[in-house]
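Each chain is listed here by its residues.
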Amino acid sequence: MNQLKSMDEHLQSIEDMARFSFFYAAEYAKPKLPEKTLFETICDHTILLFHGLEFREKERFDDISLCRLLKESAEKFSEYPAADFEEAMWERCGSSLRERGAELYGKSRGIGTPASWNCGSLKYDLPAPEEPHLCRFHIYNTVSPNSLFADREYLKLCFLLLMKECELRFNADTLITSTWLNEEARWLKFFPEEFLSSLTPAHPERLPGMTVGSWGFLYNARGCMNMKYIRQIRATGILPFRPRTGKCSFAAMRRHLTDVV
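Residues numbered from 1 in each chain as written. Predicted model: local features only at pLDDT ≥ 70, side-chain atom pairs only at ≥ 80, totals over all residues. Heavy atoms only, no water.

> Can you explain the overall build of the chain? Please cite residues and give values.
A tally of regular secondary structure across the chain gives eleven helices and four strands. What you see for the chain is a C-alpha radius of gyration of 19 Å, in line with the 18 Å of a compact globule of 261 residues. Seen through its C-alpha atoms, the chain measures out along the principal axes to roughly 55 × 40 × 35 Å. Across the 261 residues in the chain, those meeting the buried criterion constitute 50%. In the chain, 71% of the contacts between residues at least 6 apart in sequence involve partners at least 24 apart. Counting every atom, the chain has about 12800 Å² of accessible surface; 51% of that belongs to carbon and sulfur. Across the chain, the mean location of the 34 positive side-chain charges is 3 Å away from that of the 36 negative side-chain charges. (Helix = DSSP H or I, 4+ residues; strand = E, 2+ residues; numbered from the N terminus. Rg over C-alpha atoms; globule rule 2.2 N^0.38 Å. Buried < 20%, exposed > 50% of the residue type's maximum accessible area, 1.4 Å probe, protein only. Contact = heavy atoms within 4.5 Å. Areas by Shrake-Rupley, 256 points an atom, 1.4 Å probe, with all protein chains shown as cover. Lys, Arg positive; Asp, Glu negative; His and termini not counted. Charge placed at Lys NZ, Arg CZ, Asp CG, Glu CD.)

Here it is in structure tokens:
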């Protein structure tokens, strides 16, 4: 049985995430974005601010002391080589980042579960008026410190509940999601051929965004950083998974879950 991550492990993950984000932004993302500052690159193309620090409203960043510190520091050190930029950013901002991390421990990945998660490790959005039949869903490992894939029956039940609720509430009949998991073999086993054949291209040439839809693989089952992937991306700049969008009918999904999973 896996153990919940400790506060010390959580704070180490904040450091690992921050250092990686500083390095990735400076070494790989910023050279492709001459129109953006390094701080903007960190905000838009790493998970540090949006997920790691849970600063979601960019228009308020100038009112938040830690965001101001990160912005001022990134500007001050912007001409440094990536490895030196990482060290300088952590030396100047590390203690403040750890303080913020400590505040968030109780609701961090692996410890807390957002109240909006309505179907186990899945949640659905309200249908868009122009696409009332579509059930757009998201994924969050609510059985941490265990893997989302540790019990096949669990994830199957999550999908069945998701479809039943969306069917009853909205008369929806089609699942759709965009996530890095759509390149993960263990995840794709839960989906029928209709879903697999619908997957959009991966677009490895595009820079990742700021959300776990692009970066979720950086978290392990316990909500700590997956250092294997961090080391790999540091060395190559290449992400091991890319978000892809797939969809299928409830009918095809139910048949697959009954007959195969």
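> I'd like a rundown of the side chain of Thr-179, residues and numbers included.
Mapped onto the secondary structure, Thr-179 falls in strand 3 (residues 174–179). Take Thr-179: its relative accessible area is 5%, and that puts it in the buried class. Within the structure, Thr-179 has its side chain in polar contact with the backbone nitrogen of Leu-181 (distance 3.1 Å). Residues in contact with Thr-179, not counting those within four places in the same chain, are Ile-139, Trp-187, Gly-213, Arg-242, Pro-243 and Arg-244. (Polar contact = N/O pair within 3.5 Å; in protein donor to acceptor, adjacent residues only side chain to side chain.)

> Give a detailed account of the sheet that holds strand 4 (residues 244–249), specifying residues and quantitative values.
Taking strand neighbours across the sheet as the criterion, the four strands line up as 1-2-3-4 in an open arrangement whose pairing is mixed. Across the chains shown, the open sheet's two edge strands, defined by having one partner strand only, are strand 1 (122–124) and strand 4. Put simply, the sheet's adjacent strands are angled 30° from each other on average, direction ignored. The strands touched by helix 11 (residues 250–259) within the sheet are strand 2 (134–139), strand 3 and strand 4, with strand 4 carrying the most contacts at an inclination of about 90°. (Pairing = 2+ DSSP bridges. Axes fitted to C-alpha atoms, helices over the stretch in contact; angles between N-to-C directions.)

> I'd like to hear about the pattern of salt bridges, residue by residue, with values.
Enumeration according to the criterion identifies 13 salt bridges in this entry. Ionic pairing is found between Glu-9 and Arg-222, a salt bridge with its closest N-O pair at 2.8 Å. With Glu-9 in helix 1 (residues 7–29) and Arg-222 in the loop between helix 9 (212–215) and helix 10 (227–236), this residue pair connects regions lying 213 residues apart in the sequence. Among the residues examined, Glu-9 registers a relative accessible area of 31% and is labelled partly exposed. Put simply, Glu-131 and Arg-136 hold a salt bridge, and the shortest N to O gap is 3.0 Å. (Salt bridge = Lys/Arg side-chain N within 4 Å of Asp/Glu carboxyl O.)

> I'd like to hear about unusual backbone geometry, residue by residue, with values.
Ser-144 connects to Pro-145 through a cis peptide bond whose omega is 20°. Here Pro-145 lies in the loop between strand 2 and helix 6 (152–170). Within the chain, Asn-171 stands out as a residue other than glycine whose phi angle is a positive 60°. Following the sequence through the fold, Asn-171 ends up in the loop between helix 6 and strand 3. The phi dihedral of His-203 falls on the positive side, at around 55°, and the residue is not glycine. Here His-203 lies in the loop between helix 8 (193–198) and helix 9.

> Which residues make up the state of the cysteines, and what values do they have?
In this structure the tally under the stated criterion is zero disulfides. Cysteine Cys-67 shares no disulfide, and the gap to the nearest cysteine sulfur, in Cys-43, comes to 6.9 Å. Here Cys-67 falls in the buried class, since its relative accessible area comes to 1%. (Disulfide = S-S within 2.5 Å.)

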